[in-house]
Structure formats: C-alpha cells, structure tokens
Amino acid sequence: MTEIGIIAVGGYNEMGKNMTGVRIDNDIIVLDMGLQLDRVQIHEDVEIDKMHSMDLIKMGAIPDDTVMNEVSGTVKAIVCTHGHLDHIGAIPKLAHRYKAPIIATPYTAELIKHEISDERKFDVGNQVMSLKIGGRYNVTPDIQIEFIRIQHSIVDSAFAAIHSPEGTVLYASDFKLDRTPTIGEPPDFHRLKKLGKEGVKAMITESTNSGHSGKTPSEQIAKDLVRDVLLGTEETESGVIITTFSSHVARINAIIQAAEEMDRIPVLLGRSMERYLTIARDMKYIEFPENLEIYGSRNAVDKALRRISQEGKKKYLPIVTGHQGEPDSILTRIANGETHFKIDSGDKVIFSANAIPNPMTLANRYALETKLKMAGARIYDNVHVSGHASREDHWELLRMISPEQVIPSHGNMEMHSSYVEMAEDAGYAFGDTVHIMRNGEEMLL
C-alpha cells in the first residue's frame, strides 16, 4: 500500500515563503520555494543575494526546509507553478540542497534562471526544465506531473497535478477563475472537471482571499478601470504617473494601450519592470509599441526622469515600481525628492494595486501616500482587481474537483479558518476531510 504524506514547509502560518512537499512512499515532490519580502525590508541594507540560507531562515524570510531532514525519502523534483517571488524567490538559497530538476512553466522557468544568475552565495546547479501548460513530465516511472492552465496576476500560471498509483494530489495555489482574461486563455475548466471525475485524493489550495465574499472580478474589469482613470486625466497638462506590480504583464499591457489613447509615451521604470516585461516581450506574451521606453538601472532611470521633467510631463506616462511604498523603489525615491522628477500640485498618482495587508507594507504605503499628498499630488487608489480567488470562486473549484481531502495553504490562521468554514458549507468536516496545517508538520493521507 502506497503512503502519501503532505509536508507543510512554508506558507501555512503566513502569506508568503510558500513551500510544500508531497511524499509518495520515498519519492518527494517539492512545490514552490518562496520568499517573504517584508521580513527582509525590516532590516536596512540587506543584500539577499549575498546572505546564507540559515540566516534568512532565522529572519523568517525563506521557508525553514530543515524539516525536510526529518522526512524519510528523496526529493525527485522541485515544481513551480508561477513566477511570483513568494513562490520562486528562495530557489537560489535552497534548491542546491536537493539533487532534483526544477520544473516550471516556460515564463516561470526564465524568471527562475534570472534569479539563480543573480545569486552570489550559493552555486545552484539544478537543471531548470520548461514544461508547457497542458504538458506532463514523468518524475519516476510511477509519478507524473501535469500542468493545468489557470489564471492569476502573472502570465503562464498553472495548477500542478501529481499523479501516482495511489491517486492524484492537486496543488491549486494562487488562482482566479477569470473567464475573460486580457492575456492568455481562461482556466482549463474542461480538464479540471475531468480531473474531478477521475478522482482527486487531496487538494492543497490557497486561502488568501477566502474570507472575501462573492467572486473576484475579471482582469477585463481592471483593464476598464485603468483606462477609465487614465483617460479621465487627459484633459490635464499635469504629470500622470502610475504604479503596479512589475510581474503583472496583463495590467501593464492595459496601461500601455491606454497611454497610446492618451497620446503619451509609456516609460517603464525600475529593475523588476525591465526584467519581467522584457522576458514577456521576448517570449511573445506582449508586444511593445515602437515609442515605448524601458529603463532598469538607477543611472538610466534617473536620466529618463530628468529628461521627462525637461521635455514636459504631459508627453509621457511613467509606469513605475513602488506601489507598496518599498524603500528604494522609483515612486518612493520620487516622493523623497531623490530624483529630478518633482511632484507638483495637481500631478496625478495612480495605484493600480492594493496594499498587501501586513503592518510593514501598510506603514510604507501610508508614508509614501502622505509624502505625495504633501507635495500636492492627487491620489487615485486601488485601481485594481485581485489576482486571488474570493469565497465563491473557492466554492466553485471545490465543487468542481471534489477532493477526498482539502488543505488550505498560502495564508494565515484567519484565512485558513475562512476557507474551512466555506468547505464545511460544501459538506467537508474539519479535522476529517478539511485540515489546517502549520509549518513543519507532515500529514498522512
């Protein structure tokens, strides 16, 4: 009789630093290896790429994978479902401990290669393998990984189904059921329903917005919101500046299209903007208009901001990093008066992002908005829809898959509890068929 174990390594006590192990007898599949950025930001001048993994574990910035030493078995593959840093950011610090290939969707695989190339402390020699959505990969003769198309706030996101002789485990982390996405296709509902009919032994799924009522609106709604706000500013001669997630290729594409309608030149500013968007362009997820400008290094960004100020703000639409008030981001540096681009009375600052609800981020964002307002900026807040499923999306997925067991991940106790209540409404019983796990635990199915 095959034994299946679920190992909660990170992301079960908090939102961030996601890492889960699925053990099938003595073969282990690791799902995601993420970072918790706010734990790093507490410390001044921390250079993650030069730090030792054990120091980062003590800091709470990456998963404490020493729990894997207690688990009998060998890691055969590291599987990453999408390219956000809370899912791939710890790979440069932890992957080298496991003699296993890293399997990811094509866009995610490119981002992982860049993360590894930036690493200064460890030599990460793991093979990075690209597996297209809908594709399958044989980890062992008995265990197969399948990527199923889903939508999220980054392109090329997938659910990972782990097929074994003892049954299927579905890792369904970070998703929204978006039927009208602006890039890519809707989730593969046909395959998900078929998987549900075939039978799923356990589903591990995010609980982040499970306490939010209703369903999460489509990215098409966010595109309309962005366009409405940006075109509503075109009567003005003043500066307009917008900030959003660098990894949100679909959102940035919508902003670029709106810039064309406004007759402004889109200018992407920031290292992460340059990285995510040039990879997306090279992989044909997005096309840049001929007039688009993109600058990553601090020197290039500062030169561009000086030129925008000199030539006239009304000609340009800067798309910048800094929506969470991150220290050293472009928008924070502008607000602090550290660039030649000065906020004048009546300039419009648009946040196409929500504030991530942790104390550090909320404090940074509050400080940033206050400085911008003091300079006379008009703030347009939360021009955004989430990339995470709300309660009724979770209900829909749970009914579609009908797993024997379900485990919420990617959240704190409050988020998990909301998920459990929803699952109980769907007929699951707490402690019997729906379970709350904590970092460091293994549960046998």
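Whatever comes next refers back to the structure up there.
An account of the accompanying structure is given in this report. Along each chain, residues carry numbers from 1 onward, in the same order as the chain's sequence is written. Reporting in this predicted model follows two pLDDT cut-offs: at least 70 for local features of residues, and 80 or more for side-chain atom pairs to be given and counted; totals over whole chains, interfaces and linings ignore these cut-offs and use all residues. Just so you know, side-chain values use all the structure's heavy atoms and leave hydrogens and water out.

## Brief notes about the sheet that holds strand β8 (residues 144–149)
(1) Moving on: For two strands to pair, DSSP has to find at least two bridges joining them. Only DSSP runs of H or I covering at least 4 residues are called helices, and only runs of E covering at least 2 are called strands; the numbering of each starts at the N terminus. Strand order in this open sheet of six strands is β7-β8-β9-β10-β11-β18, and the pairing throughout is mixed. Each of the sheet's edge strands pairs with one partner strand only, and the pair in question is β7 (136–138) and β18 (405–409). Direction aside, the axes of adjacent strands within the sheet are offset by 15° on average.
(2) Moving on: When strand β11 (residues 202–206) meets β18, the two strands line up parallel, connected through five bridges. Across the sheet, residue alanine 202 finds its bridge partner in β18, namely glutamine 405.
(3) Moving on: The strands touched by helix α6 (residues 189–198) are β7, β8, β9 (158–164) and β10 (167–172); relative to β8, the strand with the most contacts, the crossing angle is about 135°.
(4) Moving on: The sheet contacts of helix α14 (residues 413–425) involve β11 and β18, and relative to β18 the element is tilted by about 150°. Each axis is a line fitted through C-alpha atoms, and for a helix only the stretch in contact is used; angles between axes span 0 to 180 degrees, taken between their N-to-C directions. By definition in these notes, contact holds between two residues if any of their heavy atoms fall within 4.5 Å.

## Regarding the side chain of aspartate 393
(1) Moving on: Considering the arrangement of structural elements, one finds aspartate 393 in helix α13 (residues 391–401).
(2) Moving on: Classification of aspartate 393 by relative accessible area gives buried; the value is 0%.
(3) Moving on: Here a polar contact is recorded for every N or O atom pair within 3.5 Å, except that within protein the pair must consist of a potential hydrogen donor and a potential acceptor, and residues adjacent in sequence are included only if both atoms are side-chain atoms. Engagement of the side chain of aspartate 393 in a polar contact is seen with the backbone nitrogen of serine 390, the distance being 3.0 Å.
(4) Moving on: Excluding anything up to four places from it in sequence, aspartate 393 contacts Leu177, Gly214, Lys215 and Thr216. Under the scheme applied here, a residue whose accessible area is under 20% of the maximum for its type counts as buried, over 50% as exposed, and between as partly exposed, the area being computed with a 1.4 Å probe on protein chains only.

## Let's talk about the pattern of salt bridges
(1) Moving on: The salt bridge definition used is simple: a Lys or Arg side-chain nitrogen within 4 Å of an Asp or Glu carboxyl oxygen. Per the counting criterion, the structure on display carries 29 salt bridges.
(2) Moving on: Where glutamate 198 meets arginine 191, a salt bridge forms, and the shortest distance between an N and an O atom there is 3.2 Å.
(3) Moving on: Between lysine 313 and aspartate 344 there is a salt bridge whose closest N-O contact spans 2.9 Å. In this pair, lysine 313 sits in the loop between α10 (298–311) and β15 (316–320) while aspartate 344 sits in the loop between α11 (330–335) and β16 (348–351), placing the two residues 31 residues apart along the sequence.
(4) Moving on: For aspartate 344, a relative accessible area of 41% puts it in the partly exposed group.
(5) Moving on: Each of Arg136, Glu146, Arg191, Lys194 and Glu198 takes part in salt bridges that share partners, so that together they form one network.

## Quick notes on the sheet that holds strand β17 (residues 378–380)
(1) Moving on: The six strands lie next to each other as β14-β13-β15-β12-β16-β17, forming an open sheet whose pairing is parallel. Looking at which strands have only one partner, the edges of the open sheet turn out to be β14 (293–295) and β17. The average undirected angle you get between the axes of adjacent strands in this sheet is 20°.
(2) Moving on: Of the strand pairs in this sheet, β16 and β17 are connected by three bridges, and their pairing is parallel. Paired with valine 349 across the strands is isoleucine 379, a residue of β17.
(3) Moving on: Sitting on the sheet, α10 is in contact with β13 (265–269), β14 and β15, with an inclination near 140° to β14.

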